[in-house]
Amino acid sequence: MTTFTAQKSAITHIEGELHLNESVRIGIAVGRFNGFLVESLVEGAIDALVRHGVKGENIDVVRVPGAFELPLVAKRLAISEKYDAVVVLGAIIRGATPHFDIVASESAKGLSHVALQHNIPVINGILTTENIEQTIERTGTKAGNKGYEAAMTALEMVAVLKAI
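Residues numbered from 1 in each chain as written. Predicted model: local features only at pLDDT ≥ 70, side-chain atom pairs only at ≥ 80, totals over all residues. Heavy atoms only, no water.

Draft legend 1. Focus on the overall build of the protein. For the protein, the count of helices and strands is 5 helices and 6 strands. N-terminal to C-terminal, the α/β element order of the protein is β-α-β-α-β-α-β-α-β-β-α. Considering only contacts in the protein between residues 6 or more positions apart, those separated by 24 or more positions represent 79%. When the accessible area of the protein is evaluated, it comes to approximately 9500 Å², of which 55% is carbon and sulfur surface. For the protein, the distance from the average site of its 15 positive side-chain charges to the average site of its 18 negative ones is 2 Å. (Helix = DSSP H or I, 4+ residues; strand = E, 2+ residues; numbered from the N terminus. Contact = heavy atoms within 4.5 Å. Areas by Shrake-Rupley, 256 points an atom, 1.4 Å probe, with all protein chains shown as cover. Lys, Arg positive; Asp, Glu negative; His and termini not counted. Charge placed at Lys NZ, Arg CZ, Asp CG, Glu CD.)

Printed below as a string of structure tokens:
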């Protein structure tokens, strides 16, 4: 067994600060499918950004038909170089066919690819739930608002990347 000892003063810790966001620009990509639920995520994300100092004019919301279209829009937002981060919001609710699995998997894969290819935080705030009740819980009731959480993650990642 190897024992590792280091002086605490020699270790650098980098964490994302959640203030000083006045100049941060955020693109929000939203899938309209299940829109009656997704709009709560959008409201939560905008609330988080504005509460933490992002100016309203630095937030752009782009709406697309559904979750499958979100990676392409996230890529366009990233390529534009206008944004410090992209927050992606949507809701995929399991149905009776394998369509859920395909859309959930491919959208997640596409978003992570965009982040890595374009060196920008792309925050996956697409809910993947078994039923409407679980979705409602994640849009502002029991489980909090996942749109708010996604926006907070975006702000933290922007700060971390600036600090590195």
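Text resumes after the structure shown.
Draft legend 2. Structural view of the nonpolar core. Ranked by internal contacts, the top residues of the largest apolar core, which has 24 residues, are Ile26, Ile28, Leu49, Val87 and Leu89. Listing elements by their share of this core, those giving two or more residues are strand 1 (26-31), helix 1 (35-51), strand 3 (85-93), strand 4 (122-129) and helix 5 (146-163). One finds Val64, Val73, Ala104 and Val114 within the second-largest nonpolar core, a separate group that totals 21 residues. (Core = buried A, V, L, I, M, F, W, Y, C linked by side-chain atoms within 4.5 Å. Buried < 20%, exposed > 50% of the residue type's maximum accessible area, 1.4 Å probe, protein only.)

Draft legend 3. Just unusual backbone geometry, in detail. Residue asparagine 34 is not a glycine yet carries a positive backbone phi of 60 degrees. Its location among the elements puts asparagine 34 in the loop between strand 1 and helix 1. The backbone phi angle of asparagine 119 is positive, close to 55 degrees, even though this residue is not glycine. With respect to the secondary-structure elements, asparagine 119 resides in the loop between helix 3 (99-118) and strand 4. Owing to a relative accessible area of 66%, asparagine 119 belongs among the exposed residues under this scheme.

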